[in-house]
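# Coordinates in review
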Amino acid sequence: MNTVLHAAVWFAQLCFALAMVNAAIAMMRGPTAQDRVLALDTLYINGMLTLLLFGVRWTSAVHFEVAMLIALFGFVGSASLAMFLYRGEVIEP
């Protein structure tokens, strides 16, 4: 990996780490449940992108597969939480 790409990956990981800290704070302080769900979405997306950057830095395919699983579970969780907040139940009787 060349020097410019190495520095860019480090800078991007630092930015994603700061975004994850801000999202965690917003998730704890959010005035409404919708704000907390949005902060949780931001948190899992930033975590997924951080894993992708680890995969780029270490040239490992495992990180990409784990990031794909995080994206899948995060989407299902977000859809479930949105349905719960909209209807009050996740599974209709």
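If you're wondering where the values come from, they're calculated on a predicted model, not measured in any experiment.

## Comments concerning the overall build of the protein chain
The helix and strand tally for the protein chain stands at three helices and zero strands. Going from the N terminus to the C terminus, the protein chain shows its helices and strands as α-α-α. The C-alpha radius of gyration computed for the protein chain amounts to 16 Å, which surpasses the reference 12 Å derived for 93 residues by more than 25%, pointing to a less compact arrangement than a globule. Evaluated residue by residue, the protein chain yields a buried proportion of 24% over its 93 residues. Considering only contacts in the protein chain between residues 6 or more positions apart, those separated by 24 or more positions represent 51%. Here the protein chain displays about 6500 Å² of accessible surface, and carbon together with sulfur accounts for 75% of that area. The protein chain carries 4 positive and 5 negative side-chain charges, and their two centres are separated by 12 Å.

## Quick look at the packing of aromatic side chains
For the coordinates displayed, the defined rule picks out one aromatic pair. Just above the ring of Trp10 sits the side chain of Arg57; from NZ or CZ to the centre is 4.1 Å.

## Brief notes about the confidence of the model for the protein chain
Fine structural detail should not be taken from predicted coordinates in areas where pLDDT scores are low. The predicted model of the protein chain has a mean per-residue pLDDT of 91, with 96% of residues at 70 or higher. Put simply, helix α3 (residues 61–87) is where the protein chain has its lowest mean pLDDT, 90, and helix α1 (residues 3–29) is where it has its highest, 95.

## What about helix α2 (residues 33–58)?
Between its first and last C-alpha atoms α2 spans 38 Å; for 26 residues at 1.5 Å apiece the expected length is 38 Å, and the two agree. Backbone geometry just downstream of α2 places Thr59 in the positive-phi region, at approximately 45°.

## Section: the environment of Trp10
Within the secondary structure layout, Trp10 lies in helix α1. Spatially, the C-alpha atoms of Trp10 and Leu49 are 13 Å apart, while their sequence positions differ by 39 residues.

About the criteria used
- Residues numbered from 1 in each chain as written.
- Predicted model: local features only at pLDDT ≥ 70, side-chain atom pairs only at ≥ 80, totals over all residues.
- Heavy atoms only, no water.
- Helix = DSSP H or I, 4+ residues; strand = E, 2+ residues; numbered from the N terminus.
- Rg over C-alpha atoms; globule rule 2.2 N^0.38 Å.
- Buried < 20%, exposed > 50% of the residue type's maximum accessible area, 1.4 Å probe, protein only.
- Contact = heavy atoms within 4.5 Å.
- Areas by Shrake-Rupley, 256 points an atom, 1.4 Å probe, with all protein chains shown as cover.
- Lys, Arg positive; Asp, Glu negative; His and termini not counted.
- Charge placed at Lys NZ, Arg CZ, Asp CG, Glu CD.
- Phe/Tyr/Trp six-rings, centres within 6.5 Å; stacked < 30°, edge-to-face > 60°.
- Lys NZ or Arg CZ within 6 Å of the ring centre and 35° of its normal.
- pLDDT = per-residue confidence, 0-100.
- Expected span 1.5 Å × (residues − 1).

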